[in-house]
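Chain by chain, the residues run as shown.
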Amino acid sequence: MSNKDIDMTNINKKNNLFCITTFGCQMNEEDSEKLSGVLMEMGYEKTEKREEASIIIFNTCAVRENAELKVFGNIGALKKMKEKNPSLIIGICGCMMQQKGMAEEVIKKYPFVDIIFGTHNSHMFPEYLNSVKQHGKSVVEILDKEVGIVEGLPIDRLSSIKAFVTIMYGCNNFCTYCIVPYVRGRERSRKPEDIINEIKELVKVGYKEVTLLGQNVNSYGKGLEEEIDFAKLLRLVNEIEGLERIKFMSSHPKDLTDDVIKAIAECDKVCEQIHLPVQAGSTSLLKRMNRHYTREQYLDLVKRIKENIPNVALTTDLIIGFPGETEEDVEEVISLVKEVRYDSAFTFLYSPRKGTPAAELPDQIPEDIKHRRFNALVDELNKIGAEISKEYDGKVVEVLVEGPSKNDDNKLMGRTRTGKLVNFTGNPENIGKLINVKITKTQAFSLLGEEI
Ligand code: SAM
Ligand code: SF4
Ligand code: F3S
């Protein structure tokens, strides 16, 4: 074999590589896993290294401005790569592209992009790819409205131990700050049998944990022919033999019923962890956010959850700097955080999104004030997180071992049923299994321990 032959083999192999970068939430992660699955079925191979790929895809997020700025920066950086390698195919998809006018703006600003599609037509990616390969012309296609649910797409999951399983798409809630309903369409639920079959298949190949995904899982089942709601779905999934853990997100507080609380309490596989985004601490802000619950109703819900699910871990999402937010509003959110005692929280600086009602409101909060308030809230959350972690000191916890620790080669990592990250010394043969770990040290948002 000549050197030239060896080179050719390498080029052919390189020509087959794709690299997907995902911005945004678990919904996008799952969509990327499907794009990856489709590409692998077409004969392509995955790489994490953008520079060696012949297909580069960005799956974008529009939830805050900084998510969009990141995407623009990343697309800009591809220009040189495309100049060096004109056969490189660049695809941009996801929520950001689904916004009115965005696809046109992107193709005008970055004419070297080959394929642009939105959230409703990602299943058509193979056609777009073949068209670009055949005709060499860019394809830009955004569907205005959601199509039904496309089942049966191949999926290349990031983990072989735990999986995201989308149970519903879209959102009907129109919180006044949020772009998601505009870019993900109306709520639509998957049929229970499709969900159950998918999870059974996952269990067959060794998966131990599923996270049921939806923008508001508590409204699962609406519009389906079957008599089903989220509580019933949890009970059905709980019966799947071989599955060890069930998690879910997100739960809109306005729709979390006592039936769901009862199902969580009674189903042994459903973990005692609830992500219950509160967003704000005062009834007046909640009202202006269109959240459909008051501070008192939220706190009452938390009380009922804690009474029925012992040792439940609550996490949340919080927005600081919503238009018109006062110092009293901030005091109220801090006092709510102290009362609920969240294990952890995602805290966001309010970011005006074009097309949402809140972006048009007067009294937008200056950035320096937003940051000061944000820091005060985060300090409180960190303090509480550390206190909750301390309670694990010396305890033995069940951990699903996910793989090597990210910050120590000699350790493994996994999570408790309550979602706490544990780094520990243990037997690598137990990756993918449930084991007991004794906690020897605690940090604000993670634990250290030893397998026993
Ligand atoms: N559907 C989920 C829910 O209602 O809890 C969350 C979906 S959203 C992708 C995740 C979080 O982003 C929201 O809970 C909210 O805290 C935050 N978010 C949404 N729009 C935002 C905006 N314009 N500025 C800042 N944060 C925002
Ligand atoms: Fe956005 Fe509200 Fe829907 Fe969550 S429930 S995705 S915050 S509109
Ligand atoms: Fe998720 Fe961002 Fe879209 S948070 S639903 S990827 S706008």
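Thresholds applied
Residues numbered from 1 in each chain as written. Chains lettered and ligands numbered in written order. Predicted model: local features only at pLDDT ≥ 70, side-chain atom pairs only at ≥ 80, totals over all residues. Heavy atoms only, no water. Helix = DSSP H or I, 4+ residues; strand = E, 2+ residues; numbered from the N terminus. Near = heavy atom within 4 Å. Nonpolar A, V, L, I, M, F, W, Y, C, P; charged D, E, K, R; others polar. Pairing = 2+ DSSP bridges. Axes fitted to C-alpha atoms, helices over the stretch in contact; angles between N-to-C directions. Buried < 20%, exposed > 50% of the residue type's maximum accessible area, 1.4 Å probe, protein only. Contact = heavy atoms within 4.5 Å. Salt bridge = Lys/Arg side-chain N within 4 Å of Asp/Glu carboxyl O. Polar contact = N/O pair within 3.5 Å; in protein donor to acceptor, adjacent residues only side chain to side chain. Areas by Shrake-Rupley, 256 points an atom, 1.4 Å probe, with all protein chains shown as cover. Domains from an automatic or database assignment. Core = buried A, V, L, I, M, F, W, Y, C linked by side-chain atoms within 4.5 Å. UniProt positions renumbered as here; feature names shortened; annotations may be inferred. Phe/Tyr/Trp six-rings, centres within 6.5 Å; stacked < 30°, edge-to-face > 60°. Lys NZ or Arg CZ within 6 Å of the ring centre and 35° of its normal.

Section: unusual backbone geometry
So, step 1. In this structure, the amide linkage connecting M249 to the following residue, S250, adopts the cis form with an omega of -5 degrees.
So, step 2. Note on placement: S250 falls in the loop between β11 (245-249) and α11 (258-266).
So, step 3. In the Ramachandran plot, H292 falls in the positive-phi region, its phi being about 65 degrees despite a non-glycine side chain.
So, step 4. Note that H292 resides in the loop between α12 (283-288) and α13 (295-308).

Describing the site of ligand 3
So, step 1. The immediate surroundings of ligand 3 are formed by G24, C25, N28, C61, A62, V63, C95, R184 and Q215.
So, step 2. Split into classes, the residues belonging to the shell around ligand 3 amount to five nonpolar, three polar and one charged.

Points about the sheet that holds strand β18 (residues 434-442)
So, step 1. If you trace the five strands once around the closed barrel, you get β15-β16-β17-β19-β18, paired in mixed fashion. Looking at each pair of strands side by side, their axes are set apart by 50 degrees on average, direction ignored.
So, step 2. As paired strands, strand β17 (residues 421-425) and strand β19 (residues 446-451) are joined by five bridges and run parallel to one another. Residue F424 lies in a different strand from β19, and its bridge partner there is G449.

Observations regarding the pairing of strand β4 (residues 89-94)
So, step 1. Along β4, six of the six residues are buried, which leaves the element largely enclosed by surrounding structure.
So, step 2. Along β4, one buried face is formed by I89, G91 and C93 and the opposite face, lined by I90, I92 and G94, is buried too.
So, step 3. When strand β3 (residues 55-60) meets β4, the two strands line up parallel, connected through six bridges. Its bridge partner being in β4, F58 is matched across the sheet by I92.
So, step 4. In terms of strand pairing, β4 meets strand β5 (residues 115-117) through two bridges, oriented parallel. Bridged to I92 within β5 is I116.

So, the sheet that holds strand β14 (residues 344-349)
So, step 1. As summarised here, the arrangement of the three strands in space is β12-β13-β14, forming an open sheet in which the pairing is parallel. If you trace the sheet from one side to the other, it starts and ends with β12 (273-275) and β14, each paired once. Across the sheet, the mean angle separating the axes of adjacent strands is 10 degrees when strand polarity is ignored.
So, step 2. Judged from the three bridges that link them, β12 and strand β13 (residues 313-320) form a sheet pairing that is parallel. Each bridged residue has a counterpart across the sheet, and for I274 the counterpart in β13 is L314.
So, step 3. Its contacts with the sheet put helix α15 (residues 367-390) on β13 and β14, and the angle it makes with β14 is roughly 180 degrees.

Points about the pattern of salt bridges
So, step 1. Across all of its chains, the model carries 29 salt bridges by this definition.
So, step 2. Between E198 and R190 there is a salt bridge, and its shortest N-O distance comes to 2.7 Å. By the burial criterion, E198 is buried, and R190 matches it.
So, step 3. When the shortest N-O distance is used, the salt bridge between K383 and E380 registers 3.8 Å. In this pair, K383 and E380 both sit in helix α15, three residues apart, roughly one turn of the helix.
So, step 4. Among the residues examined, E380 registers a relative accessible area of 13% and is labelled buried.

Some thoughts on the site of ligand 1
So, step 1. Within the structure, ligand 1 sits among 16 residues, and Q215, P277, Q279, D317 and S351 are positioned closest to it.
So, step 2. A distance of 3.0 Å separates a nitrogen atom of ligand 1 from a polar atom in the backbone of Y177.
So, step 3. Separating an oxygen atom of ligand 1 from a side-chain N or O atom of Q279 is a distance of 2.7 Å.
So, step 4. For ligand 1, the protein covers 92% of the area, taking 560 Å² as the surface of the free molecule.
So, step 5. Residue assignment for the shell around ligand 1 shows that the elements contributing at least two residues are β13 and β14.
So, step 6. When the residues that make up the shell around ligand 1 are grouped by side-chain class, the tally is eight nonpolar, four polar and four charged.
So, step 7. Looking at which domains feed residues into the shell around ligand 1, each of domain 2 (159-271) and domain 3 (279-390) gives three or more.

Side note on the nonpolar core
So, step 1. Core analysis: the largest hydrophobic core is formed by 82 residues, its most contacted members being I199, L212, F230, L234, V237 and I305.
So, step 2. Looking at this core element by element, the count peaks at six residues for helix α14 (residues 327-340).
So, step 3. Not counting residues within four places of it along the chain, the set of residues in contact with I199 comprises V165, V210, L212, V237, I240 and L243.
So, step 4. Within the second largest apolar cluster, 27 residues are counted, among which are F112, V113, I179 and V183.

Points about the UniProt feature "domain: TRAM" (unreviewed entry) in the protein chain
So, step 1. UniProt records the feature "domain: TRAM" (unreviewed entry) at residues 390-452, using the numbering of this structure.
So, step 2. Secondary structure content for residues 390-452 is 2% helix and 52% strand, while the C-alpha to C-alpha distance between its ends is 20 Å.

So, the UniProt feature "binding site: [4Fe-4S] cluster 2" (unreviewed entry) in the protein chain
So, step 1. Sites flagged by UniProt as "binding site: [4Fe-4S] cluster 2" (unreviewed entry) map to C171, C175 and C178.
So, step 2. With respect to the element layout, C171 can be found in the loop between β8 (168-169) and α8 (180-184).
So, step 3. Residue C171 is classed as buried on the basis of its relative accessible area, which comes to 9%.
So, step 4. Sequence-distant contacts of C171, defined by excluding residues within four places in its chain, comprise V180, P181, G185, R186, E187 and Q215.
So, step 5. Residue placement: C175 occurs in the loop between β8 and α8.
So, step 6. With relative accessibility at 8%, the residue C175 sits in the buried group.

Topic: the packing of aromatic side chains
So, step 1. As enumerated under the stated definition, the model contains 11 aromatic pairs in all.
So, step 2. Arranged with centres 5.3 Å apart and planes meeting at 85 degrees, the rings of F174 and Y182 form a pair that is edge-to-face.
So, step 3. Plain terms: the ring middles of Y177 and F322 are 6.4 Å apart, the flat faces sit at 90 degrees to each other, and that makes the pair edge-to-face. Here Y177, found in the loop between β8 and α8, pairs with F322, found in the loop between β13 and α14; they are 145 residues apart in sequence, far enough to count as distant.
So, step 4. What links up through ring pairs into an aromatic cluster is the set F72, Y110 and F112.
So, step 5. Between the NZ or CZ atom of K109 and the centre of the ring of F72, over which it lies, the distance is 4.4 Å.

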